[in-house]
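# An overview of the molecular structure
One-letter residues, chain by chain:
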Amino acid sequence: MVKLVEKGPLKLSAKLLETSGFSLKDFEIAIGKLAIEEEWEPLGPTPFPSIASLRDWDHILLKRYKPLYMPFCDLCCLCTFGKCDLSRDKRGACGLNMAGQQSRIVLIACCIGAATHTAHARDLVEKLIERYGRDHPINIGGEYIYVEAPITRLVCGIKPKTLGDLEDVLDYCEKQIAQLLSATHTGQEGDNIDFESKVFHAGMIDHVALEIADIAQISALNFPKADPEAPLIDLGIGNIDISKPVIMCVGHNVIPTTGIIDYILDNNLDGKIEVVGLCCTAWDTSRYSPKIGKIVGPISWQLRFIRTGIPDVIIVDEQCVRTNLIEEARKINAILIATSDKNCQGLPDLTKEDANDVVNKLLNGGIPGALIFDREKVGEVAVKTAMALAPKRFNLKIFPIKEKEWIVSQAKKCKQCRECERACPNNLQIAFAMKFASNGDFSKLSNLYDYCVGCGRCESACPEDLPIITLMNKASEETIREEKFKCRTGRGAIRDTEIRKVGRDIVLGTIPGVIAFVGCANYANGGREVVEMVEEFLKRRYIVVASGCSAMTIGMYKNSEGKTLYEEYPGDFDAGCLVNVGSCISNSHISGAAIKIANIFAKRNLRANYKEIADYILNRIGAVGVAWGAMSQKAASIASGFWRLGVPVIVGPHGSKYRRMLLGRKENKEDWMVYDARTGEKVYVGPVPEHLFYAAETKEEAMVMIAKLCMRANDTPQGRAIKLTHYVNLYRKFYGVLPEDLPMFVRVEADIPITMKDEIVSFLKEKGWEEKVIPDPTLLKEKVVKKIG
Ligand code: SF4
Ligand code: SF4
Ligand code: SF4
């Protein structure tokens, strides 16, 4: 069946049209926007939702998960009425209070995140259309993927089939972001809950944009297509052959780097030059060319890697690029090439000049770098420059200054003022380490390496201008040379067949949960904590999913046999497996998998049916996101996209910097009532999941919370018993006792884990536990089968 929907413009023209009543010559009719689309599912209630279309669902969520604000300061300085003091219930000149102001700031951050991903998607789609045409088909998994764009189908109600179709979806995203941003203007929205609803909307739009960006590049650039056996690739500085010219690529948009790879292949230079990446460009380079693309490490390795002196040419595209890389490149005599109009770095635009002329200018030192927007030209200039420069720079690698005496002499300049420590986000004991280094003992400096996030704030604060990062690098030279790991490159989407296989076990609870480790790498206590958490849950046979810099961190530690977790655990979407979906934009496959479980396994309609699917996920799919080192505004918008879908997110010790949490109050029985869809009665289900956004101070607290947040109202007794086994087990492991709130999660006796039955039964008796009903849970009145009176 086909039907007409509003889409592209339609024009009819003819030399002559004759009917029985009239004739027309040389006419043309434009019929607005029409196109033909196949009817694939009945259209749900909210196609292309506006900023208030899903407000009722948001209010249901926010009634249960109330915002708890943690302001950085008491002032609002956003307009010239101010600054206004909002402390102690005061209101600003526009009438805004502190809760409104804090939620407004969160919304601004999420708009920045969503705009960044949407602009990234727009750039990718435009450039890929230029190369492959509007009719290039979307194909992200061939026969294994029937539901290719679950988020777009859910939100917009359309099924994109070609690159050209993706442009229409981006038009919608851009319009929504403009609307959301306008709501933050002085004298618009004032209610904090309505601001929070708009935060959710920004997050939802963010996930649509993520999906559009990744399905475009997977389809056109032939990335791994939903492949659980995507190649294992090199990760770590130790894998780089420093005898070859080295091009370092930083950012998130792979298009310029594809120009470099293509130039290398077209000119038979494969094996003669190293192309290494940081942050998400690294993942996408390795997805484009697993053979050539190597990964240095996450975003926080930028300064650390540059200070090794290894890169000859540094290519920056967009997002998460250090804004002063031009100065850093200069320090090591490397060349910087900027490639994005969003990140011009103050460089001259040489896009239109001849490539050889640009190379000459760069090599002769006239300019420190260039701005080049043309992908092919970036490829040619980067490769030629690196090849010419590398022999001259060889003595600068691996570190510009090699002598140990130099470290001692630098450390001796330290005045022990501890300005560096006050500036350090991780409170590292730099002054203490300097004292030892000044006596020739570098062990303390080297110990800091694993905990340093490479932000450079210590150097900025140091009154002696000590190159603290370089000193740490130098002290850790052996560690750096041994950084040789293997990780599985991003596989992209989850197959429909995988969803069919595990959907039942996830919904019934017999697979205890799906845990997604996402976000940036500014860990408070080093990356090892992430690896420990991942390993714990893999051993417990949860499904562990990863993306972006977190996925890199997971590959940066080896077990006693010298294997990383990627070598130890399979890459399927199944119990006890480790799935790397890819870069930040591949996070869409994680939310997409949750949506697909509701659609493929439970056969719920997807098309523009957001509330029903989110209600399904919240009540039935035990999924939790963990952003242990989350940092950017993009991380905030990604998290809010998960919240609106009913997926809780846990952040690490820096999490309070997000300024607010979304916390459930487990003691408020009223908050945990749901409808039983079979009877319409309201039933108490306990605090499941207890929070929507939670900051954990330690990895132990996080692990207990992960196990707890995987519980869902729909768990069968068998599933709940499995989930409780992990919750109780982890709680006891770290705190030594049974969790006080255990009675809230036991509904019937069959929920009690068999191995702890006697102990838990007597604990429950002590606490006056009462049996509860297990409903067919929903928060949506309209989903009740029997009418409520
Ligand atoms: S936006 Fe409102 S609270 Fe903020 S400075 Fe202006 S008047 Fe004051
Ligand atoms: S670069 Fe490292 S040591 Fe320096 S302030 Fe940042 S985290 Fe601390
Ligand atoms: S700021 Fe500089 S001088 Fe002061 S303690 Fe730190 S390294 Fe030493």
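Only a predicted model underlies this, so the values are computations on that prediction, with no experimental measurement involved.

Quick look at the packing of aromatic side chains now. This model, assessed by the stated rule, comprises 10 aromatic pairs. On the basis of an interplanar angle of 65 degrees and a centroid distance of 5.6 Å, the ring pair of Tyr658 and Phe693 is categorised as edge-to-face. Of this pair, Tyr658 sits in the loop between strand E18 (649-651) and strand E19 (660-663) while Phe693 sits in strand E22 (residues 691-695), and the two are 35 residues apart along the sequence. Between Tyr727 and Phe745, the ring centres sit 5.8 Å apart and the planes meet at 80 degrees, which makes this aromatic pair edge-to-face. Taken together, the residues Tyr727 in helix H27 (residues 717-735) and Phe745 in helix H28 (residues 742-745) connect sequence positions 18 residues apart. Pair check on accessibility: Tyr727 and Phe745 agree, each one buried. Each residue in the set Phe200, Trp643, Tyr658 and Phe693 is aromatic and connected to the rest through ring pairs, giving one cluster.

Right, let's get into the site of ligand 3. Close to ligand 3 lie 13 residues; Cys414, Cys417, Arg418, Cys420 and Cys462 are nearest. Among the residues forming the shell around ligand 3, the class breakdown is 8 nonpolar, 1 polar and 4 charged.

Okay, the site of ligand 2 next. The full set close to ligand 2 counts 13 residues, and Cys424, Cys452, Cys455, Gly456 and Cys458 are the nearest of them. Secondary-structure elements contributing two or more residues to the shell around ligand 2 are helix H16 (457-461) and helix H17 (468-475). Residue classes in the shell around ligand 2 are distributed as 10 nonpolar, 2 polar and 1 charged.

Quick look at the side chain of Ser438 now. With respect to the element layout, Ser438 can be found in helix H14 (residues 430-438). Look past the residues within four positions of Ser438 in its chain and what remains in contact with it is Val408, Ala411 and Lys412.

Another point: the pattern of salt bridges. Pairing between side chains of opposite charge can happen when their charged atoms approach one another. Considering all chains together, one arrives at 56 salt bridges under this definition. The salt bridge involving Asp241 is made with Lys244; its shortest N-O contact spans 3.7 Å. Of the residues examined, Asp241 reaches a relative accessible area of 28% and is grouped as partly exposed. Note on Lys244: relative accessible area 23%, which makes it partly exposed. With a shortest N-O distance of 3.4 Å, Glu419 and Arg422 are connected by a salt bridge. Here Arg422 and Glu419 lie together in helix H13 (residues 419-423), a separation of 3 residues that amounts to about one turn. The exposed category is assigned to Arg422, whose relative accessible area is 57%. One salt-bridge network, held together by shared partners, links Arg131, Asp262, Arg375 and Glu376.

Taken in spatial order, the 3 strands line up as E21-E20-E23 in an open sheet, and their pairing is antiparallel. If you trace the sheet from one side to the other, it starts and ends with strand E21 (682-684) and strand E23 (777-778), each paired once. As judged from the 3 bridges shared by strand E20 (residues 673-676) and E21, these two strands associate in the antiparallel manner. The residue bridging Tyr675 from the neighbouring strand is Lys682, located in E21.

It is worth spelling out H14 at this point. Those residues of H14 lying buried are Ile430, Ala431, Ala433, Met434, Ala437 and Ser438. Projection of H14 onto a plane perpendicular to its axis shows the buried side chains occupying an angular sector of 160 degrees, all on one side. Where H14 is buried, its residues contact helix H12 (404-412), H13, helix H15 (443-448), H16 and H17. Directly after H14, the chain includes Gly440, whose backbone phi takes a positive value near 85 degrees.

Residues Arg660 and Leu662 line one face of E19 and the alternating positions Met661 and Leu663 line the opposite face, and both faces are buried. Bridge count for strand E3 (residues 66-69) against E19 is 4 bridges, and the pairing is antiparallel. In the strand pairing of E19, Leu68 is matched with Met661. Note: E19 against E22, 2 bridges, orientation antiparallel. Paired with Leu663 across the strands is His691, a residue of E22.

A word on the sheet that holds E22. Two orientations exist for strands paired in a sheet by backbone hydrogen bonds: parallel and antiparallel. Pairing is mixed in the open sheet, where 8 strands are placed in the order E3-E19-E22-E18-E17-E14-E15-E16. Both edges of this open sheet fall to E3 and strand E16 (578-582), since each of them pairs with a single strand only. Each strand axis lies, on average, 25 degrees off the axis of its neighbour in the sheet, ignoring direction. Where helix H20 (residues 528-539) meets the sheet, it contacts strand E14 (514-517), strand E15 (543-547) and E16, and its direction lies at approximately 165 degrees from that of E14.

Cut-offs and rules
Residues numbered from 1 in each chain as written. Chains lettered and ligands numbered in written order. Predicted model: local features only at pLDDT ≥ 70, side-chain atom pairs only at ≥ 80, totals over all residues. Heavy atoms only, no water. Phe/Tyr/Trp six-rings, centres within 6.5 Å; stacked < 30°, edge-to-face > 60°. Helix = DSSP H or I, 4+ residues; strand = E, 2+ residues; numbered from the N terminus. Buried < 20%, exposed > 50% of the residue type's maximum accessible area, 1.4 Å probe, protein only. Near = heavy atom within 4 Å. Nonpolar A, V, L, I, M, F, W, Y, C, P; charged D, E, K, R; others polar. Contact = heavy atoms within 4.5 Å. Salt bridge = Lys/Arg side-chain N within 4 Å of Asp/Glu carboxyl O. Pairing = 2+ DSSP bridges. Arc of directions from axis to C-beta. Axes fitted to C-alpha atoms, helices over the stretch in contact; angles between N-to-C directions.

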